[in-house]
Amino acid sequence: GRMVRVLVAQRLVLPPGEQFMKATIERLYRLLIRAASSLQSPFLLAVRLYWGWQFAQTGWGKLGDLDRVTHFFASLGIPAPGIVAPCISTLEFAGGILLALGLGSRAIALLLAGDMLVAYITADREALFSIFSDPGKFSAAAPYTYLFAALLVLFFGPGKFSLDAVFAKRMR
């Protein structure tokens, strides 16, 4: 008894009730991790499908009105707008489809994230520079959710429900 009290007092050993509580909390936390981890691939699939579709629609819209996009890019001071407009429009259209399919996901996500960073810098500069002073303005800007979705796929990959995963499995 005395030795246990000394060890408990020194916090080298938890009292019996606290050991049970700690073990319960650890078990519940491990359960949470397993449950959340099992939802990673379905979540990434949902992100890819939704934002891939959004990118594809945006790109298709731009491809359908390249003159307007070219003039808009010129007004932003983007060099060679006659070349850049169809390239960006095609990237967003084809990249959106590839993102949704999960094919070449990280490479496409990198290109789309770069596209959205340039959109912030050229078309939403004020919102970009308000990231700390007015975060609401930053997150309300048009490129924000597109950039966020592209970065999710870039950093975490496309998940198990993707063509990338199918091809990776075949390569083994």
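Higher on the page you've got the structure.
Here the structure is a predicted model, which is why all the values come from computation and not from measurement.

A. Looking closely at the overall build of the protein chain. Counting secondary structure elements, the protein chain contains 10 helices and 0 strands. Secondary structure elements of the protein chain, listed N to C terminal, follow the sequence α-α-α-α-α-α-α-α-α-α. Compactness check: the protein chain gives a C-alpha radius of gyration of 24 Å against a globular reference of 16 Å for 172 residues, more than 25% above the reference. Counting only C-alpha atoms and orienting by the principal axes, one finds that the protein chain spans roughly 85 × 50 × 20 Å. Taken over 172 residues, the protein chain has a buried fraction of 30%. Expressed as a percentage of contacts within the protein chain between residues at least 6 apart in sequence, the contacts between residues at least 24 apart total 66%. As presented, the protein chain carries roughly 11,200 Å² of accessible surface, and 71% of it is formed by carbon and sulfur atoms. Seen as two clouds, the 17 positive and the 10 negative side-chain charges of the protein chain have centres 20 Å apart.

B. Structural detail: a nonpolar patch on the surface. Residues I97, L101, L163, V166 and F167 make up a contiguous nonpolar surface patch of about 380 Å² in total accessible area. When residues of the nonpolar patch are traced back to their parent elements, those giving at least two are helix 5 (81–101) and helix 10 (163–171). Owing to a relative accessible area of 41%, L101 belongs among the partly exposed residues under this scheme.

C. Expanded view of the side chain of D115. Assignment of secondary structure puts D115 in helix 6 (residues 105–123). For the buried D115, no salt bridge is present, and the opposite-charge side chain at shortest range is K62, 5.5 Å distant.

D. Local environment of the packing of aromatic side chains. For the structure on display, the rule yields 8 aromatic pairs. Ring centres 4.8 Å apart and planes at 85° place the aromatic pair Y50 and W51 in the edge-to-face group. Using a relative accessible area of 47% as the deciding quantity, one classes Y50 as partly exposed. Relative to F93, the ring of W60 lies with its centre 5.1 Å away and its plane at 40°, an arrangement referred to as tilted. Linking W60 in helix 3 (residues 40–63) with F93 in helix 5, this pair joins segments that are 33 residues apart in sequence. Given the relative accessible area of 25%, F93 is considered partly exposed. Members of the aromatic cluster, connected to one another through ring pairs, are Y50, W51, F55 and Y146.

Reading the values: rules and limits
Residues numbered from 1 in each chain as written. Predicted model: local features only at pLDDT ≥ 70, side-chain atom pairs only at ≥ 80, totals over all residues. Heavy atoms only, no water. Helix = DSSP H or I, 4+ residues; strand = E, 2+ residues; numbered from the N terminus. Rg over C-alpha atoms; globule rule 2.2 N^0.38 Å. Buried < 20%, exposed > 50% of the residue type's maximum accessible area, 1.4 Å probe, protein only. Contact = heavy atoms within 4.5 Å. Areas by Shrake-Rupley, 256 points an atom, 1.4 Å probe, with all protein chains shown as cover. Lys, Arg positive; Asp, Glu negative; His and termini not counted. Charge placed at Lys NZ, Arg CZ, Asp CG, Glu CD. Patch = residues over 30% accessible without salt bridge, like charges linked within 9 Å, V, L, I, M, F, W, Y side chains within 5 Å. Salt bridge = Lys/Arg side-chain N within 4 Å of Asp/Glu carboxyl O. Phe/Tyr/Trp six-rings, centres within 6.5 Å; stacked < 30°, edge-to-face > 60°.

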